[in-house]
Amino acid sequence: MVASRSEKLARLVRVQRQIERMAEFELAHTVREQAETDATQEALVVAVGSFDPIHAAMSTHYARRFQRLSAKSQLLEGAKGVQERRMLTEKTKADRLSDQADRAAQAEDRLATDETLLDLLDGSLQRRGSD
């Protein structure tokens, strides 16, 4: 079965939209992970500032954990920027493909209309010639 150009482009648009949704999902996951990291850092700051003797004994562990979380937070921030740019790129690709698919469908509709009009004209001329 031969698919028309507009059908092929429409299929590509669906694939590209799926890629866009995947990029959005990855970004959302990174943002959630960043929020969890920030919340954990805040809890560690509160624990270190506490006068509870248990927290005072664990302060070196808390400090190391806070450093690891800070490094992770920086990595997540960088990944978030990359993912935002990727999501924008994928959205732009999908929008362009969608525009191309629309133009191809309009061109196919015009061609079909033109062919129908030419068939009507040929039929009309043949009837005049047979009279």
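Residues numbered from 1 in each chain as written. Predicted model: local features only at pLDDT ≥ 70, side-chain atom pairs only at ≥ 80, totals over all residues. Heavy atoms only, no water.

## Details of the overall build of the protein
Moving on, step 1. Of regular secondary structure, the protein possesses three helices and zero strands.
Moving on, step 2. Secondary structure elements of the protein occur, N-terminal to C-terminal, as α-α-α.
Moving on, step 3. Computed over C-alpha atoms, the radius of gyration of the protein comes to 31 Å, more than 25% over the 14 Å expected from 2.2 N^0.38 for 131 residues, which places it beyond the range of a compact globule.
Moving on, step 4. For the protein, the residues scored as buried account for 18% of the 131 residues in total.
Moving on, step 5. Contacts in the protein between residues at least 24 apart in sequence constitute 87% of all its contacts with a sequence separation of at least 6.
Moving on, step 6. Entry remark: accessible area of the protein is about 9,900 Å², with carbon and sulfur atoms responsible for 58%. (Helix = DSSP H or I, 4+ residues; strand = E, 2+ residues; numbered from the N terminus. Rg over C-alpha atoms; globule rule 2.2 N^0.38 Å. Buried < 20%, exposed > 50% of the residue type's maximum accessible area, 1.4 Å probe, protein only. Contact = heavy atoms within 4.5 Å. Areas by Shrake-Rupley, 256 points an atom, 1.4 Å probe, with all protein chains shown as cover.)

## Observations regarding the confidence of the model for the protein
Moving on, step 1. The pLDDT averaged across the protein works out to 92; a share of 98% of its residues lies at or above 70.
Moving on, step 2. The spread of mean pLDDT over the elements of the protein runs between helix α2 (residues 53-57), the lowest at 80, and helix α1 (residues 5-48), the highest at 95. (pLDDT = per-residue confidence, 0-100.)

## Here's the deal with the pattern of salt bridges
Moving on, step 1. Using the criterion set out here, one finds six salt bridges in the structure.
Moving on, step 2. Measuring nitrogen to oxygen at the nearest pair gives 3.0 Å for the salt bridge that ties R17 to E20. One end of the pair, R17, and the other, E20, are both in helix α1, three residues apart, so they sit about a helical turn from each other.
Moving on, step 3. Exposure remark for E20: the relative accessible area of 8% places this residue in the buried category.
Moving on, step 4. What you see here is one network of salt bridges that share partners, running through R17, E20, K91 and D95. (Salt bridge = Lys/Arg side-chain N within 4 Å of Asp/Glu carboxyl O.)

## A short note on the environment of T89
Moving on, step 1. Looking at the secondary structure, you find T89 in helix α3 (residues 59-130).
Moving on, step 2. Once the C-alpha coordinates of T89 and A23 are considered, the two residues, 66 residues apart in sequence, prove to be 9.7 Å apart.

## Comments concerning the nonpolar core
Moving on, step 1. Membership of the largest hydrophobic core is limited to five residues, which are L9, V13, L97, A101 and A104.
Moving on, step 2. Of all the secondary structure elements, the ones that give two or more residues to this core are α1 and α3.
Moving on, step 3. The element that contributes the greatest number of residues to this core is α3, accounting for three residues. (Core = buried A, V, L, I, M, F, W, Y, C linked by side-chain atoms within 4.5 Å.)

## Some points on the environment of A71
Moving on, step 1. Relative to the assigned elements, A71 resides in helix α3.
Moving on, step 2. Using a relative accessible area of 38% as the deciding quantity, one classes A71 as partly exposed.
Moving on, step 3. Along the chain, A71 and A56 lie 15 residues apart, while their C-alpha atoms are 23 Å from each other.

## Quick look at the packing of α1 against α3
Moving on, step 1. Relative orientation of the contacting elements α1 and α3 amounts to 160 degrees, with a least axis distance of 7 Å. Relative to α3, the element α1 is oriented roughly antiparallel. Crossing handedness for the pair α1 and α3: left-handed.
Moving on, step 2. Of the residues contributing to the contact of α1 with α3, the split by class is 23 nonpolar, twelve polar and 18 charged. (Axes fitted to C-alpha atoms, helices over the stretch in contact; angles between N-to-C directions. Parallel < 35°, antiparallel > 145°, perpendicular 65-115°, else oblique. Left-handed = near helix turned anticlockwise from the far one by under 90°. Nonpolar A, V, L, I, M, F, W, Y, C, P; charged D, E, K, R; others polar.)

## Section: α3
Moving on, step 1. Between its first and last C-alpha atoms α3 spans 104 Å; for 72 residues at 1.5 Å apiece the expected length is 106 Å, and the two agree.
Moving on, step 2. The set of residues buried in α3 consists of Y62, L69, S73, L76, G81, Q83, E90, A94, L97, A101 and A104.
Moving on, step 3. The secondary structure elements touched by the buried residues of α3 are α1 and α2. (Expected span 1.5 Å × (residues − 1).)

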